[in-house]
Amino acid sequence: MSDNSDKTLHEILEKITGSAFRQTTDARPQLQKMFEAASNTPNLDPDLPNNIEELMASLANKFAESGQNGVQGEASVESEIPLYHPENDFRRELQKASHPKSNLNGIKDASRILHSASFRKMQGKMQLYPLNQSELFRNRLTHSIEVAEISVRIAEHLNKTVNYFLRCPINLNIVQAAGLAHDIGHPPFGHAGEKILNSLMADFGGFESNAQSLRVLSQLEPRATNYDKDYILFPHNPDKSVGLHLSYRTLASVVKYDREIKDSEIINGPTKGYYPSSKKLISNIKAKVIKNDSDKPLNTVECQIMDIADDIAYSTYDFEDSMISEMIHPMDLFTFPEGLRSDILNRMNKAVAKWNYNYDLTFDDVTFVFASIFDNYVTSLSRKYDFNNAMHRLVFFGQTYQESIRTAKEPKLRRAVTEALIDTAVKSVNVVIDKNNPELSRIRLGSRKLLEIEALKAFNYCVVTNSNKLKLLERRVKRVLTSVFKELVEDPSGCLFPAFVREQFRMMGLWRENEKPARARFVCDYIAGMSEREVINICDKINSSDVTNILGVE
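K.L.:
I'm lost on the overall build of the protein in this one. Help?
P.N.:
The number of helices and strands found in the protein is 25 helices and 2 strands. Per-residue burial for the protein yields a buried fraction of 53% across its 554 residues. Long-range contacts, defined here as pairs at least 24 residues apart, represent 74% of the contacts in the protein between residues at least 6 apart.

Dropping the structure here:
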């Protein structure tokens, strides 16, 4: 579509609706009316789209063409290298070469994650809203289950539609394990808790949830196994433990960022990557998983599928939870304050740039993306409106507003449109096969769904996460976590820990003054693995003014 056509569309929209009305009603019926008016206007570009579907397709194509490494489908030259090499991919760190291979289908890894204490603890950690506000709000555990389910759907879609995966199908058990485990290292109190723990650990290596997930799976989660007499675990020292003892391919599926976290980066906030203590493990994973020498970062197809499923899940379901909370409804996609427009646009442009697109979105582009999402949330109104008539415009506005409120409140409507968004996103996932390293093949969202998901993510962050209610919660969380962290780190006796944790603390020698960095990491691991209720209870006991009640009896 030409620049002249874009300008004409803008003018027509202003003419039909008026600038103030445009801000709140860029939905399908109004846009369709705009196109009908445009078709009767002389001297317009003959290639002008006829409806919102064509407009969104046009924008998606223009956006996709800007990709430096744009994905249009499967690579023309298919790989003959198998996707999995069982003798390496499914091997475990301490497993002897002579030991029978008992995990060729990956099911054991998913089971170990599912039955771990760290996985169960996620039910006590918030996703977006505090858990005591409503049982309907998602927590880290329910979110992880949803990510695992969407991950499997994406893998099944690719296995059915991509020729290479028809011959070498993606392992659904590993994909499921990746989804279940991707947030297993996340601390209490959501992303606020992650930022606060990172600042408290600024002098001791920082904190980052993805790095912590790998640490939990490969070191912290205790797993008693008895292959033979030479198989030794070290339950009192996580630096010598193998955690759940998962296969290399499963561990690779949770490594989203193949870079070591540097001390100099921590001060700017949580830095994506892995801890220096995991460097040797990452080298071992690469040696086993990457088939041919490659300078590409470790980012397996299973990990990429999980990452896309995570984006689909939290962009859509965070919006749904916000509707349940009555903080927003679908029409808010168009009525947020003027000052947030540039924030949303900037976040979207930064996000799509990470996908190697060099197309700069304008706010008009973003408006059309929101219009497409809005159309999914609000059913089409049957009555025909004359938008040249002021009364018709007013009635249309009122009915659309009521429809938006109804969609937010009625579970059946809310779920129907949410599932439609997820289903179309799953079906839009495509791939470019790496013929030399198929395990590193690039999995991507279709450009149109990418725009929709990044628009929802930007909206959720700017309008909900940065709302005064959640920012107030963050202030309270900072006070609680700081109090507990400092009390535990500054007490070299370890007496504030439960008995079994205190035993581990002492056997690791963390009472020594020169062991403060290790003590801080121990405390950080302990707090990150707690539920929010546990952290609050410890804080209350430490700061209680009742000095006589030592047993916690009411």
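K.L.:
Honestly, the side chain of K449 in this entry has me stumped. Any pointers?
P.N.:
One can find K449 in helix α21 (residues 447-465). Beyond its immediate stretch of four places on either side in the chain, K449 contacts L421, T424, A425 and S428.

K.L.:
Would you explain the nonpolar core in this entry?
P.N.:
Most often, soluble globular proteins have nonpolar side chains that are buried together. Judged by nonpolar contacts, the single largest core of 109 residues is most densely connected at I154 and F370. In terms of residue count, the dominant contributor to this core is helix α15 (residues 301-324) (11 residues). What I154 contacts, discounting residues up to four positions off in sequence, is I305, I308, A309, I312, V426 and V429. The next biggest cluster of nonpolar side chains, apart from the first, holds 28 residues, and it includes I113, L141, Y248 and V289.

K.L.:
Help me understand the pattern of salt bridges, please; the structure alone is not making it clear to me.
P.N.:
If charged atoms from side chains of opposite charge come close, those side chains can pair. Under the criterion given, the structure shown has 34 salt bridges. For E208, the salt bridge identified is with K272, shortest N-O distance 3.7 Å. On the criterion of sequence distance, the pair formed by E208 in the loop between α11 (190-200) and α12 (209-220) and K272 in the loop between α13 (248-252) and α14 (279-289) is long-range, its members being 64 residues apart. Take K272: its relative accessible area is 35%, and that puts it in the partly exposed class. With its nearest N and O atoms 3.3 Å apart, the salt bridge here joins D311 to K457. On the criterion of sequence distance, the pair formed by D311 in helix α15 and K457 in helix α21 is long-range, its members being 146 residues apart. Judged by relative accessible area, K457 falls into the buried class, the value being 16%. Members of the salt-bridge network, linked through shared partners, are R138, E146, E149, R153, E320, D321, R414, R415, E419, D423 and K427.

K.L.:
Looking at this structure, how should I read unusual backbone geometry?
P.N.:
Outside of glycine, negative phi angles account for most residues, and trans bonds account for most peptide bonds. Of note, the phi angle at F189 is positive, near 70°, even though the residue is not glycine. Its location among the elements puts F189 in the loop between α10 (172-181) and α11. With relative accessibility at 8%, the residue F189 sits in the buried group. A positive phi is found at E326, a non-glycine position, where the angle reads about 65°. On the secondary structure map, E326 appears in the loop between α15 and α16 (332-335).

K.L.:
Could you clarify how one ought to interpret helix α20 (residues 411-427) in this entry?
P.N.:
Compared with the 24 Å implied by 1.5 Å per residue over 17 residues, the 24 Å span of α20 between its first and last C-alpha is a close match. Within the sequence span of α20, burial applies to L413, R414, V417, T418, L421, I422, A425 and V426.

K.L.:
Mind showing me how you'd approach the environment of G509 here?
P.N.:
Positionally, G509 belongs in the loop between α23 (499-507) and α24 (516-528). Sequence-wise, G509 and R519 are 10 residues apart; in three dimensions their C-alpha atoms are separated by 9.0 Å.

K.L.:
So what exactly am I meant to see when it comes to the environment of D311 here?
P.N.:
Judged by relative accessible area, D311 falls into the buried class, the value being 10%. As a C-alpha pair, D311 and V147 span 164 residues in sequence and 8.8 Å in three-dimensional space.

K.L.:
Would you explain the packing of aromatic side chains in this entry?
P.N.:
Aromatic ring pairs are reported here in terms of the distance separating the ring centres and the angle at which the planes meet. Scanning the entire structure with this criterion turns up 9 aromatic pairs. With a centroid separation of 5.4 Å and an interplanar angle of 40°, the aromatic rings of F497 and F505 are classed as tilted. The cationic tip of R347 hangs over the ring face of Y461; the distance from NZ or CZ to the ring centre is 3.7 Å. One cation-aromatic arrangement involves R521 over Y275; the distance from NZ or CZ to the ring centre is 4.5 Å.

Criteria and thresholds
- Counting starts from 1 at the beginning of each chain's written sequence and moves along it residue by residue.
- Confidence filtering applies because this is a predicted model: local features only for residues at pLDDT of at least 70, side-chain atom pairs given and counted only at 80 or more, and all residues used for totals across whole chains, interfaces and linings.
- The basis for every side-chain value is the complete set of non-hydrogen atoms in the structure, without hydrogens or water.
- In DSSP terms, a helix is any run of H or I states spanning at least four residues, a strand is any run of E spanning at least two, and both are numbered starting from the N terminus.
- For each residue, the accessible area found with a 1.4 Å probe, counting protein chains only, is set against the maximum for its type, and the residue is called buried under 20%, exposed over 50%, and partly exposed in between.
- When checking whether two residues touch, look at their non-hydrogen atoms; a contact exists if any pair is within 4.5 Å.
- We define the nonpolar core as a collection of buried residues of types Ala, Val, Leu, Ile, Met, Phe, Trp, Tyr and Cys that are connected through side-chain atoms lying within 4.5 Å of one another.
- When a carboxyl oxygen of Asp or Glu lies within 4 Å of a side-chain nitrogen of Lys or Arg, that pair is called a salt bridge.
- In a helix, the anticipated span is given by 1.5 Å times the number of residues less one.
- Each Phe, Tyr or Trp ring (for Trp, its six-membered ring) is paired with any other whose centre lies within 6.5 Å, and the angle between the two planes then decides the class: stacked below 30 degrees, edge-to-face above 60, tilted in between.
- Charge-over-ring placement is defined geometrically: NZ (Lys) or CZ (Arg) within 6 Å of the ring centre, and within 35 degrees of the ring normal.

Any functional reading would require information beyond the geometric quantities listed.
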